[in-house]
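Residues per chain, in single letters:
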Amino acid sequence: MSASMPGVRARGADTRPVTMFGPDFPFAYDDHVAHPAGLGRLPATRHGTEVAVIGAGISGIVAAYELMKLGLKPVVYEADRIGGRLRSETFKGGDGTIAELGAMRFPPSSTTLFHYMDKVGLRTRPFPNPLTPACRSTVIELGGQAHYARRLADLPPLFQEVADAWKEMLEQEASFSEVQAAIRARDVPTLKAVWNQLVPALDEQSFYGFIARSKAFARRSFRHREVFGQVGFGTGGWDTDYPNSMLEILRVVYTNADEDHRSVLGGVEQLPVRLWEQKLDGLVHWPDGTSLKALHNGMPMPGVARIGRDADGRIAITDRWGNRQCFEAAVATCQVWLLSARIDCDEALFPHPMWMAMERTHYMQASKTFVLVDRPFWKDVDPATGRDRMSMTLSDRLTRGTYLLDQGEGRPSVICLSYTWNDDALKWLSLPVDERVRLMLHSLAQIYPGLDIRRHIIGHPITVSWEADPNFMGAFKANLPGHYRYQRRLFTHFMQDGLPPGQRGIFLAGDDVSWTAGWAEGAVTTALNAVWGVVRHLGGSSLPGNPGPGDLFQDRAPVALPD
């Protein structure tokens, strides 16, 4: 369930948009990256200095892109392909139609991410989440009973009661309107005053525990909590998040991360690829027409096998083929588990509390399965009911969420037969794609008797289980209760003045390092933290009028909880 349900959005005179400004570290990354002065400057003697960037997902590509603009030479290492979990897979034998295996829907509150989308000319359209204007109709099926709806009011009263309880809980027990008003106004003192009180109160509270003890839900039945978990609104059910920290959920709803989602026309993988290929003029040090691709002779370096230090203290990177190169600085954007489980990383590079934070990171599993169909047959009207033949579907069956993705007139369309997280995703893990599709079609046949989806399928299905990919080991981070201190260590690692020399110069970035894991905005903003850290490490600084995240850190730092 999300803040997109009617009545939850904060009301007031301030019409400025809600963005992912805070609440933990309220820094205006969108303004910072768009500032005409640029992100900083380096001594001329540092121009051309090579900086390793480990991982060519959106975090690594943004870090490399901005380092290149500053006159440095990023050297990007990638174990698989550019894009990371911005992965748009083309259906074999099709007309170029894609399935979004990773991130597929993006909130407009991700303003820093959209800055880069605008730079490379990407266009977006509304994503058909349930009960939104972009979705023709929604079917919610629970306990074998299906409900057809075009809006929340079409559903039985129970669903409105659940929506009301969620709204009431957020307002009365999580200061929803006050926090959103502070985010809109970019009112740092108010935002920090409220959030810094909530952090110690809720860090050890699970999402489900908070709901169960809330006054809003406590006076209602268990069935209300069950429906909230299994169905929700906005993007679907929330119960796979129930074990996670309540702070994680509040970060999502405060910043409208679960609202008004957009999809990228042609696939979001275009974003990192276009940034990689974009030729830029007017760069420091580099000639006009320089691109990341040109600096790499067309391809990133192979995946990293080892990270250590050489005798003079530089960061030593060894690739999978045994080639070793040393750097003055490095940015590691891979998921942090890989630094112990897949990459031979010298323990001395990070203090022991940081290793604890990396090892304690909790990743959510995620599974998706897509089929290409001959046309958007779901728009056909069932003559017996007068309803759409099929709808965006939320269910307590194996499929959980089924999304209908119209690709335009005269083109094949796409069905995401199932999008599941955590325990629901693990149910699919051992099954090959054909068996997944068979079971999903069986579940959907119980909801839509008489509808033969199989006769519309063309081409080969596409599936993913991110936890099975050795280069990821999970879909995205989601902190468990008590993990705030670990997350703070990861996020603040770019501030390295307090570290001994042997632990400086390597910077972490990526959505799991951010406070907004699972959202590309967090991957982008932590890349900008790392860029600030590299610039400072190499003797540079931010430019007047455009302070970077480290320059304002002391005033806006995430609250520190006692150990």
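Residues numbered from 1 in each chain as written. Predicted model: local features only at pLDDT ≥ 70, side-chain atom pairs only at ≥ 80, totals over all residues. Heavy atoms only, no water.

1. Focus on the overall build of the protein
Note the cut-off: In this text, helices come from DSSP runs of H or I with a minimum length of four residues, and strands from runs of E with a minimum of two, each type numbered from the N-terminal end. Atoms counted for the radius of gyration: C-alpha only. Globule rule: 2.2 Å times residue count to the power 0.38. To sort residues, take the accessible area from a 1.4 Å probe on protein chains only and compare it with the maximum for the residue type: under 20% means buried, over 50% means exposed, and anything in between is partly exposed. Between two residues, a contact is recorded if the distance between any of their heavy atoms is within 4.5 Å. Reported accessibility uses the Shrake-Rupley method at a 1.4 Å probe radius. Residues are deemed covered only where the shown protein chains occlude them. For the charge count, each Lys or Arg is scored as positive and each Asp or Glu as negative, with His and the chain ends excluded. Every charge is mapped onto a representative atom, which is NZ of Lys, CZ of Arg, CG of Asp or CD of Glu.
Assigned secondary structure in the protein consists of 19 helices and 21 strands. In summary, the protein has a C-alpha radius of gyration of 24 Å against a globular reference of 24 Å for 563 residues, a match within 12%. Taking all 563 residues of the protein together, 60% fall into the buried category. Looking at the protein alone, contacts between residues at least 24 apart form 73% of all its contacts between residues at least 6 apart. Total accessible area on the protein stands at roughly 21500 Å², and carbon and sulfur atoms take up 50% of it. Looking at the protein, you have 60 positive and 63 negative side-chain charges, and the mean spots of the two groups are 2 Å apart.

2. What to know about the sheet that holds strand 9 (residues 304–309)
Under the convention used in this document: We call two strands paired when DSSP finds no fewer than two bridges between them.
As summarised here, the arrangement of the four strands in space is 11-10-9-13, forming an open sheet in which the pairing is mixed. The sheet is open, and its two edges are formed by strand 11 (324–327) and strand 13 (344–345), each paired on a single side.

3. A look at the confidence of the model for the protein
For clarity, the cut-off: Values of pLDDT, which run from 0 to 100, indicate the predictor's confidence residue by residue.
Summary statistics for the protein give a mean pLDDT of 95 and a share of 97% for residues scoring 70 or more. Of the regions scoring below 50 in pLDDT, residues 1–12 engages in 44 contacts with residues more than four places distant in sequence or in other chains.

4. Describing the sheet that holds strand 2 (residues 73–77)
The test is simple: Lines are fitted to the C-alpha atoms to define the axes, a helix being fitted only along its stretch in contact, and any angle between axes, read from their N-to-C directions, falls within 0 to 180 degrees.
Ordered by their spatial adjacency, four strands build an open sheet running 2-1-12-21, and the pairing between neighbours is parallel. In this open sheet, the two strands that pair with only one neighbour each are strand 2 and strand 21 (506–508). Mean inter-strand twist for the sheet, computed between neighbouring axes without regard to direction, equals 20°. The pairing of strand 1 (residues 50–54) with strand 12 (residues 329–332) spans four bridges and is classified as parallel. Counted as the bridge partner of A52 is A330 from strand 12. Sheet contacts for helix 18 (residues 520–537): strand 1, strand 12 and strand 21; angle to strand 21, the most-contacted strand, approximately 165°.

5. Details of the packing of helix 3 (residues 111–119) against helix 18
Where we set the bar: For this classification, under 35 degrees means roughly parallel, over 145 means roughly antiparallel, 65 to 115 means roughly perpendicular, and everything else is oblique. Gly counts as polar in this scheme, as do all residues outside two lists: the nonpolar Ala, Val, Leu, Ile, Met, Phe, Trp, Tyr, Cys and Pro, and the charged Asp, Glu, Lys and Arg.
Close contact between helix 3 and helix 18 brings their axes to 8 Å; oriented N to C, the two are set at 85°. Viewed along their axes, helix 3 and helix 18 adopt a mutual orientation that is roughly perpendicular. For the pair helix 3 and helix 18, the contacting residues are T111, T112, L113 and Y116 in the first and A520, E521, V524, T525 and L528 in the second. Tallied by class, the residues present in the contact of helix 3 with helix 18 amount to five nonpolar, three polar and one charged.

6. Some thoughts on the environment of V336
With respect to the element layout, V336 can be found in the loop between strand 12 and helix 13 (338–341). Separated by 13 residues in the primary sequence, V336 and L349 have C-alpha atoms spaced 13 Å apart. With residues up to four places along the chain from it excluded, the contact list for V336 reads M358, T361, Y363, D512 and V513.

7. Regarding the packing of helix 14 (residues 352–360) against helix 17 (residues 484–491)
Selection rule: Crossing handedness is read from the near helix: turned anticlockwise from the far helix by less than a right angle, it gives a left-handed crossing, and turned clockwise, a right-handed one.
Look at helix 14 against helix 17: their axes get within 9 Å of each other, and the N-to-C directions meet at 115°. Relative to helix 17, the element helix 14 lies roughly perpendicular. Between helix 14 and helix 17 lies a crossing of left-handed hand. Contacts from P353, M354, M356, A357, M358 and R360 in helix 14 reach Y486, R489 and L490 in helix 17. Taken together, the residues of the contact of helix 14 with helix 17 break down into seven nonpolar, no polar and two charged.

8. A short note on helix 16 (residues 433–447)
Side chains three or four residues apart in an α-helix point the same way, a direct result of the helix having 3.6 residues per turn. We apply this condition: What a helix should span is 1.5 Å times the count of its residues minus one. Within this analysis, the arc is defined by the directions that extend from the helix axis to the C-beta atoms.
The end-to-end C-alpha separation of helix 16 is 22 Å, in line with the 21 Å expected for 15 residues at 1.5 Å each. For helix 16, every residue scored as buried is listed here: R436, V437, M440, L441, S443, L444 and I447. In a view along the axis of helix 16, the buried residues occupy a sector of 160°, so they form one face of it. Buried residues belonging to helix 16 abut strand 6 (138–142), strand 15 (366–373), strand 16 (392–395), strand 17 (401–405), strand 18 (413–421) and strand 19 (457–465).

9. A word on the environment of M104
Within the secondary structure, M104 is located in the loop between strand 4 (98–100) and helix 3. Distance in space between the C-alpha atoms of M104 and V264 is 7.7 Å, their sequence separation being 160 residues. Leaving out residues up to four positions away in the same chain, M104 has contacts with F127, R262, S263, K368, Y403 and Y419.

10. Points about helix 4 (residues 157–174)
Compared with an ideal rise of 1.5 Å per residue, which puts 18 residues at 26 Å, helix 4 spans 25 Å between its outermost C-alpha atoms and is within 8% of the ideal. Along helix 4, the positions that sit buried rather than exposed are F159, V162, A163, A165, W166, E168, M169, L170 and A174. Trailing helix 4 by a residue or two, S175 shows a phi angle of about 50°, which is positive.

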